[in-house]
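# An overview of the molecular structure
What follows is each chain in one-letter form.
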Amino acid sequence: MQFNAREGQLVVLGEQHDPNTMRFDQTELRAVLYNLTTQGWATTGELLTCRSNQAVCVAPTGSIVCTGGFTCGSHELEQSCEELVVEGSHSMSLPAAIVGRFGHSLLPVYGRHLLHLGGSTTPAKSTEGLLASVELYDSVAKEWISLPSLPCPLLHPGVCGA
């Protein structure tokens, strides 16, 4: 599950659980929105690629953006980036991130940008594959820009905007 807030909404993103088989559906990734004002849940569409250990945030446009993680049911690292447009509930591919990763953070910044940082490229519990790289996605130009690296690699970085 991933949680992000924007204008009184929380986004929860994860694999759908089948209560009959007690297994997770490894073919679709669902998103639900919780409105803090009305205290109600709303479902959205599904993303194009089912994944786990992804990063998700609400973009300045109001759509949900998902990056990285592993393809559901495997340890294949996803480099793809997707956008789920909440109104109309359709998904579209965005340009792939510069580095595929998991255990990373994604945060909206500067009105039209998304900050993508930290994480790892290997599922092993070691320092091999840890990332200090930082990327900025420009939602208007639809491109990724490399920024200076973090002073040290970070796995599951906690990030908040000011």
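### What about the packing of aromatic side chains?
Per the stated rule, a full pass over the model turns up two aromatic pairs. Ring centres 4.7 Å apart and planes at 40° place the aromatic pair Phe 70 and Phe 102 in the tilted group. Taken together, the positions of Phe 70 in strand β8 (residues 70-71) and Phe 102 in the loop between β10 (90-94) and β11 (105-109) put the pair 32 residues apart, joining distant regions of the chain. With respect to class, Phe 70 is no different from Phe 102; both count as buried. With a centroid separation of 4.9 Å and 50° between ring planes, the pair formed by Tyr 137 and Trp 144 is classed as tilted. The class for Tyr 137 is buried, based on a relative accessible area of 2%. Classification of Trp 144 as buried rests on a relative accessible area of 12%.

### Describing the environment of His 75
Take His 75: it is sitting in the loop between β8 and β9 (81-85). For the pair His 75 and Thr 122, spaced 47 residues apart in sequence, the C-alpha separation works out to 9.1 Å. Discounting residues that sit within four places of it in the chain, His 75 has contacts with Phe 70 and Pro 123.

Basis of the calculations
- Residues numbered from 1 in each chain as written.
- Predicted model: local features only at pLDDT ≥ 70, side-chain atom pairs only at ≥ 80, totals over all residues.
- Heavy atoms only, no water.
- Phe/Tyr/Trp six-rings, centres within 6.5 Å; stacked < 30°, edge-to-face > 60°.
- Helix = DSSP H or I, 4+ residues; strand = E, 2+ residues; numbered from the N terminus.
- Buried < 20%, exposed > 50% of the residue type's maximum accessible area, 1.4 Å probe, protein only.
- Contact = heavy atoms within 4.5 Å.

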